[in-house]
Amino acid sequence: MNIQSKLYEVTKIPDLTLSKYEALEESGVEGVLKKHKSFLRQIHRTALLSNQSIHWIYEYDPERPKGKRLRIFIRFDGGTANDYTDILIKNSPLSPYFDISPSENAINQNTYRYMAILIKKEKFSLADRHDTGYFYSVNKWAMNEDARLYSLLTMLQNMNSRCIYCADVLPVDFSGTIEQPDMLGNIMRALRNMLTVRVEKSGSITSLQHDESADYTLERYKDLIKDISANPHFIANIRVYADSPEYAGMLIDAAASDALDEGSHDILLNTGNFSPSIEGSQVRDFCDPKTPRELKFWPVLFMLKELVPFVTLPALYPGESIEMPKETAPNYDSQGLLLGKDNDDYEVHIPLKNLPKHVFIAGVPGSGKTNSMLHIATELHRYSIPFL
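Residues numbered from 1 in each chain as written. Predicted model: local features only at pLDDT ≥ 70, side-chain atom pairs only at ≥ 80, totals over all residues. Heavy atoms only, no water.

A. Geometry of the layout of surface pockets. Of the pockets and cavities examined, the largest pocket occupies roughly 510 Å³. For the largest pocket, the lining is made up of 18 residues, of which Ile-350, Val-359, Ile-361, Met-373 and Ile-376 are closest to its centre. Element by element, the count of residues in the lining of the largest pocket is highest for helix α9 (residues 369-382), at 6 residues. (1 Å grid on protein atoms, 1.4 Å probe; cavity = no way out; pocket = protein on both sides within 12 Å on 5 of 7 lines; lining within 4 Å. Points joined across faces, edges and corners; volume = space filled by probe spheres on them. Helix = DSSP H or I, 4+ residues; strand = E, 2+ residues; numbered from the N terminus.)

B. Quick look at α9. The end-to-end C-alpha separation of α9 is 20 Å, in line with the 20 Å expected for 14 residues at 1.5 Å each. Of all the residues in α9, the buried ones are Ile-376, Ala-377, Glu-379 and Leu-380. Down the axis of α9, the smallest arc covering the buried residues is 160°, so these residues share one side. Those residues of α9 that are exposed and angled more than 90 degrees off the buried face are Thr-370, Asn-371, Leu-374, Thr-378, His-381 and Arg-382. Packing partners of the buried residues in α9 comprise β16 (337-341). Directly beyond the C-terminal end of α9, a positive phi value near 55° is found at Ser-384. (Expected span 1.5 Å × (residues − 1). Buried < 20%, exposed > 50% of the residue type's maximum accessible area, 1.4 Å probe, protein only. Arc of directions from axis to C-beta. Contact = heavy atoms within 4.5 Å.)

C. Spatial organisation of the packing of aromatic side chains. Applying the stated criterion across every chain, the model contains 12 aromatic pairs. An angle of 75° between the planes, with centres 5.6 Å apart, marks the rings of Trp-141 and Phe-302 as edge-to-face. Taken as a pair, Trp-141 in the loop between β7 (134-138) and β8 (142-143) and Phe-302 in strand β15 (residues 301-303) lie far apart in primary sequence, 161 residues in all. You'll find Trp-141 and Phe-302 in the same group, each marked buried. Every member of this aromatic cluster is reached through a ring pair, and the members are Phe-124, Tyr-134, Tyr-136, Tyr-221 and Trp-298. Here the guanidinium or amino end of Arg-162 rests over the ring plane of Tyr-112, the centre of that ring lying 4.3 Å away. (Phe/Tyr/Trp six-rings, centres within 6.5 Å; stacked < 30°, edge-to-face > 60°. Lys NZ or Arg CZ within 6 Å of the ring centre and 35° of its normal.)

D. Geometry of a negative patch on the surface. Taken together, the side chains of Glu-30, Glu-145, Asp-146, Asp-261 and Glu-262 present a region of like negative charge at the surface. Within the fold, Asp-261 resides in strand β13 (residues 260-262). (Patch = residues over 30% accessible without salt bridge, like charges linked within 9 Å, V, L, I, M, F, W, Y side chains within 5 Å. Areas by Shrake-Rupley, 256 points an atom, 1.4 Å probe, with all protein chains shown as cover. Salt bridge = Lys/Arg side-chain N within 4 Å of Asp/Glu carboxyl O. Lys, Arg positive; Asp, Glu negative; His and termini not counted. Charge placed at Lys NZ, Arg CZ, Asp CG, Glu CD.)

Encoded structure:
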């Protein structure tokens, strides 16, 4: 069966200072971040039923015009992808804020030398009795609810090098299987047996034996079961493709540092020729070679609240700008008269085709009305356009 795909592009991002957003149930940056949680919860159930994976793709190309070097796509992959995704996107909690439209544009097909992958920090604890080996668990995360990928987005702008950041996500439901023998069942049974207090005699001395590492690990497994039972969850491959290993790692660290209040992560760096369109279509487990077979999913298992900070669309405060236009950004016309730059550092032009129209320049004394007119006259002279 051929895998079908539906591709959408985020063409513009909201200018949250506009009054039209004040009438919405949630407004401002904080309101938009809340809506991302609702969007992800909606996607989880729908994609789970239709056996789909979802891919958030942030593509940076320094060869594109300034202010438009970042493109963001959302792609649905799956054997049953169909028109329901159009309805889902149009009626999603994010639709009042973002223009997310079906796209015919091809995602960058270039290959990259390096692929960096984010995983949760794995913990291998030696048993108190060394003959019993080690205990395996994954670092616990506490999330920053205000995270919005802004450090990563500004780093893209400052470094100005081609790369792709993506979150390849597969909704899963382990709530009915996590305690089965092929997952945590056998492991937890063995741990409970080990934690049964043992009495050991050495000569005339009697001691009670208790393994602290086993106790900690068992509690982490209990936490995992509770989280899986109470929250939508996903297998997520957070990846960066770049031509420099340092840059790939920096971008992963930027995303993680925004997302985490507590906890730590690791980066798996791969060298080769990587095509995001191929690698990203496969959502799979990444872990240490020593990871137990039953728990290979854990380093890339994300609860809903853990995934949201890594798939947030740009929500900017006044004065912030990235290499993607807000809805109020002027259209770029390289053949127009250059007026200067706006507060978001975008160049502002008057298209030549608009010159026959009237314009009204207003401002208090000393604000620059005369200098603006002199600048326009100079620009007209540069294009050999007569003026009176």
